[in-house]
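Reading the structure
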Amino acid sequence: MSFELVFQQALNGLSFGALLFILASGLSLVFGMMDVVNLAHGAFYMLGAYVALSVVQLTGSFWIAIVLAPLALGLLGLAIEPVLLRRLRGRHLDQVLLTIGLSLVIVDVIGQLWGREVRSLAAPPGLDGSVTLIGGVYPVYRLFVIAFGAALAIVMSVVYRRTKIGRLIRAGVEDAQMLGALGVDTNRLFASTFATGAALAGLAGVIAAPVFGVQPGMDTDPGLLYSLVVVVVGGLGTLSGAVAGSLLIGPADTFGKVLFQDVALAVIFAIVALVLLLKPTGLLGRIRIAR
Amino acid sequence: MGGFAKNELAAKRGYTYRLTRRQLLVASSAAALAACAPAAVTPGASPSASPGKAFKLGQLLPFTGVYAELGNSMRRATELYLNQHDRKLANRPVTLVYADDANVTATGVQATQKFIDQDQVDVMMGVVPTPLAYGIRNAVHAAKLIFIDTNAGGNALTRDTTNCTPSCKSPYIFRASFSSYQISYPIGDYLSAKGTKEFFLAYANYGFGTESAADFTTGLKKNGGSTTGNVAPPLGNPDFAPFVTQIKNQPTKNVYSFFSGADAIGFIKSWNSLGLPAAGYKMYGAGFLTEQDVLKEVKELANGAITSLFWAVELDNPENKKFVADFQKQYPLLPDVFTVQLEGEVAALDEALKTLGGDTSDKDRFVKALEDVSFKSPRGDFTFDKATHNPIQDIYIREVKTQNGQTVNTISDKIAKVTDPGK
């Protein structure tokens, strides 16, 4: 591999990783706070992409979609938590089953409303061109994705560390029951956490649509599959874990697929297996088993 | 038997089985319909033909999962054909039984068994993915059920193979679509004969993709052509930039690819955003790379791509013009290649039933009648190869162009009567 090629593939890997971070951050947040492995996360991601598709068709603006789709998903999350998930609090397996059911329903509703054809979304004007970098032209949109992912990580980290809601989240991750005993309304906190997780999935759907496309099946691959891989490798429930996981998996997947194409799919799962063997909590995770 | 078990179960659970008002309604209206049905059919049936006993046609298609839209396309074609023919094939009124394989091989195998045992269909059609076609091969062969493959293009389904691995031809299996050889070998042969001899390969890394790449390479080599390397993303790969980056960093400018659906869209979009057209790279491929489902999303980004297939919307023959017009009258969209595959299949069955006078009691005569069908279809002259039951068909070389704001496959050349080698 020449230097130019390595440089371009590193950019590909980095932008893929940035997308994975946006995708996985919501799953990680919900798990950390609520102890719920939300297997409907991929379906939320898919729904975000389809909502964006309609918004772009109606308004012609990608930027309106980037606001409206996460908002719509946030509202959906806000409804689902108290109506369905809250009834099963503490019953982990039932919650997981519920989220699987949810994902099946959402995917079928999408099929009914939007059809089952393969669709795609164009990058917005201004970001749809290319710039010349080392080794040739490179799409501006992918550079935007890297910047967006980095900005989101910084914003989330500031919220975590510097704001009241961030303190509540960190306390909730530590011990939600104690937080309730101290007088915090955990019902409200959980509902808004779940809504935020869903909104982040929707945001990922919009940002990823011009790169990954919009089609049946996207809920599992890349949706749920890659977000699970990222949070398992990075560590469940922490922001730094989601960052570390996506920074490792993005480039590893990119280089793995072109260097070892006959075992392309195995590369990232080999990493998952290795991490679980050597550090079962993930690179930066603090999973509490059997609490 | 089923009803008895249900009653028993109900009794065990402590409640009695009663006829509800809704069940009564359903039952009585069904009886009323049954009473009406013969009266409705009789005037249409010609006195000379054998009585119009219902012809049961089973179709195994994906209506959910990633290939759902293919299933929908095929259903549209079936319904269109039957509506145009008074819901009859020859003199037999058709009862359709649809089953959904959801792109899961196990589900499809089960549904096939149901067609055989429970529904006892007269003919089975359908099957999109090749692994499913291979998976049901032995079951339909053993049951002597006539199965006409709608899409699955794996070469082995209509060939002689060692130990029938992974599959092999059967007297009861016909294919109305194509073999991967037919959409890959001729274009390799054609391009190398015209003097374009060096190609880099890019194909989805699964059975059909590797088969297509191999057949294309064989075609190239016939005229001294060769391949210089390959990239092979997994099927359904989300991000194509890494693979297109690899293509851009190697010197062979002509790239033959096998992708379809979402993969094709991802490939073509990455191809453009990474600047390959400006760098002098040229896209070639098996026809699915630039079919309607892909073109309507990528539009002029696919311009200049050269592909081969047995059909195109723009194909200029009276049957195709009528087919495209009729289809658009019933549905608000253009027909795609999958509707053409299904149309050919139902039409072939219709022809065979006509020669039999609707009498399907002798299985060998039925097979013989299918082998002998010959008619003009939207794709051109349609016949089955008697040796393999694969269609003998013209393959068109097509180039993507944007004309009057519409991006279409224009026909640039034709390779007549391509036959699968069968071995």
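None of these values were measured; they are calculated from a predicted model.

The next point concerns the overall build of chain B. In terms of helices and strands, chain B carries 13 helices and 15 strands. Within chain B, the fraction of its 423 residues that count as buried is 50%.

Here we come to the packing of helix α4 (residues 105-119) of chain B against helix α5 (residues 130-142) of chain B. Packed helix pairs are characterised by how far apart their axes lie and by the angle those axes make with each other. Residues and elements named next belong to chain B. Running from amino to carboxyl end, α4 crosses α5 at an angle of 30 degrees, the nearest separation of the two axes being 9 Å. The orientation of α4 relative to α5 falls into the category roughly parallel. The hand of the α4/α5 crossing is right-handed. Residues Thr105, Gly108, Val109, Thr112, Gln113 and Ile116 of α4 form the contact with α5, whose own contacting residues are Pro131, Leu132, Gly135, Ile136, Ala139 and Val140. Partitioned by chemical class, the residues of the contact of α4 with α5 number seven nonpolar, five polar and no charged.

Moving on: the nonpolar core. The nonpolar side chains of a soluble globular protein tend to be buried, and buried together. All names here are of chain B. Counting 119 residues, the largest nonpolar core has Met124 and Ala352 as its most contacted members. In terms of residue count, helix α12 (residues 337-356) provides more of this core than any other element does, eleven residues in total. Per-domain counts for this core show at least three residues from each of domain 2 (53-178 + 312-389) and domain 3 (180-309 + 394-418). Filtering out sequence-adjacent residues up to four positions away, Met124 remains in contact with Gly58, Leu60, Thr112, Phe115, Val140, Leu145 and Phe147.

Residue and element names in this part refer to chain A. Following both chains from N to C, one finds helix α1 (residues 3-34) and helix α8 (residues 219-234) inclined at 65 degrees, their axes separated by 8 Å at the closest point. Taken together, the axes of α1 and α8 lie roughly perpendicular to each other. Where α1 crosses over α8, the two elements pack in a sense that is right-handed. Every residue of α8 that contacts α1 at Leu20, Leu23, Ala24, Leu27, Ser28 and Phe31 is listed here: Tyr226, Ser227, Val230 and Val231. Class assignment of the residues belonging to the contact of α1 with α8 gives a composition of eight nonpolar, two polar and no charged.

Strands belonging to one sheet form pairs held by backbone hydrogen bonds; the direction of such a pair is parallel or antiparallel. Residues and elements named next belong to chain B. One open sheet holds the six strands; their spatial order is β2-β3-β1-β4-β5-β6, and the pairing between them is mixed. Only two strands of the sheet have a single neighbouring strand rather than two, namely β2 (88-89) and β6 (173-175). Summarising the sheet, strand β1 (residues 55-61) and strand β4 (residues 123-126) pair through four bridges and their orientation is parallel. Counted as the bridge partner of Leu60 is Gly126 from β4. Set on the sheet, α4 makes contact with β1, β3 (92-100) and β4; between it and β1 the angle comes to about 170 degrees.

Attention now moves to the confidence of the model for chain B. All names here are of chain B. On average, residues of chain B score 89 in pLDDT, and 88% of them reach the 70 mark or higher. The model gives residues 1-18 a pLDDT under 50, and that stretch makes six contacts with residues more than four places away or in other chains. Scored below 50 in pLDDT, residues 33-49 makes nine contacts in the model with residues more than four places away or belonging to other chains. Interface confidence for the predicted complex, expressed as ipTM, amounts to 0.93; the pTM equals 0.88.

Time to look at the domain arrangement of chain B. Residue and element names in this part refer to chain B. Domain assignment breaks chain B into domain 1 (1-38), domain 2 (53-178 + 312-389) and domain 3 (180-309 + 394-418). In this structure, domain 2 and domain 3 have C-alpha centres spaced 27 Å apart. With 15 residues of domain 2 at the contact, the number on the domain 3 side is 18 residues. Looking at the side of domain 2 that touches domain 3 residue by residue, the classes come out as seven nonpolar, five polar and three charged.

Residue and element names in this part refer to chain B. Here seven bridges tie β1 to β3, and the two strands are oriented parallel to one another. When the bridges of β3 are listed, Lys56 appears paired with Thr95. Two strands pair when backbone bridges link them, and β2 and β3 are joined in this way by two bridges, in the antiparallel orientation. Following the sheet pairing, Leu89 is matched in β3 by Arg92. The turn joining β2 and β3, which pair antiparallel and follow one another in sequence, is formed by two residues; a positive phi near 50 degrees is taken by Ala90.

Time to look at the interface of chain B and chain A. Chain B puts 31 residues into the contact, and the matching count from chain A is 32 residues. Elements with a contribution of two residues or more to the side of chain B that touches chain A: α3 (68-84), α8 (241-248), α9 (261-273) and α10 (292-298) of chain B. Classifying every residue of the side of chain B that touches chain A by side-chain character gives 14 nonpolar, eleven polar and six charged.

Turning to the pairing of strand β5 (residues 146-149) of chain B, a few remarks are in order. Residue and element names in this part refer to chain B. Burial of β5 is two-sided: the residues Ile146 and Ile148 facing one way and the residues Phe147 and Asp149 facing the other way are all buried. As judged from the four bridges shared by β4 and β5, these two strands associate in the parallel manner. Each bridged residue has a counterpart across the sheet, and for Val123 the counterpart in β5 is Ile146. Read as a crossover between parallel neighbours, the route from β4 over α5 to β5 is right-handed. One ladder, built from three bridges, connects β5 with β6; its direction is parallel. Paired with Asp149 across the two strands is Arg175, which belongs to β6.

All names here are of chain B. With 14 residues, helix α6 (residues 180-193) extends 20 Å from end C-alpha to end C-alpha; this agrees with the ideal 20 Å at 1.5 Å per step. With twelve of its 14 residues buried, α6 lies for the most part within the structure. Those residues of α6 not exposed but buried are Ser180, Tyr181, Gln182, Ile183, Ser184, Tyr185, Pro186, Ile187, Gly188, Asp189, Leu191 and Ser192. Looking at the packing, one finds that the buried side of α6 touches α7 (207-222), β10 (282-286), β11 (306-309), β14 (391-403) and β15 (406-418).

The set of residues buried in helix α13 (residues 363-371) of chain B consists of Phe366(B), Ala369(B) and Leu370(B). Mapping the buried residues of α13(B) onto a view down its axis gives an arc of 100 degrees, with all of them on the same face.

Rules used in this analysis
Residues numbered from 1 in each chain as written. Chains lettered and ligands numbered in written order. Predicted model: local features only at pLDDT ≥ 70, side-chain atom pairs only at ≥ 80, totals over all residues. Helix = DSSP H or I, 4+ residues; strand = E, 2+ residues; numbered from the N terminus. Buried ≥ 20, exposed ≤ 12 C-beta atoms within 10 Å, placed from the backbone. Axes fitted to C-alpha atoms, helices over the stretch in contact; angles between N-to-C directions. Parallel < 35°, antiparallel > 145°, perpendicular 65-115°, else oblique. Left-handed = near helix turned anticlockwise from the far one by under 90°. Contact = placed C-beta atoms within 7 Å. Nonpolar A, V, L, I, M, F, W, Y, C, P; charged D, E, K, R; others polar. Core = buried A, V, L, I, M, F, W, Y, C linked by C-beta atoms within 7 Å. Domains from an automatic or database assignment. Pairing = 2+ DSSP bridges. pLDDT = per-residue confidence, 0-100. Right-handed = clockwise from strand over helix to strand, strands pointing away. Expected span 1.5 Å × (residues − 1). Arc of directions from axis to C-beta.

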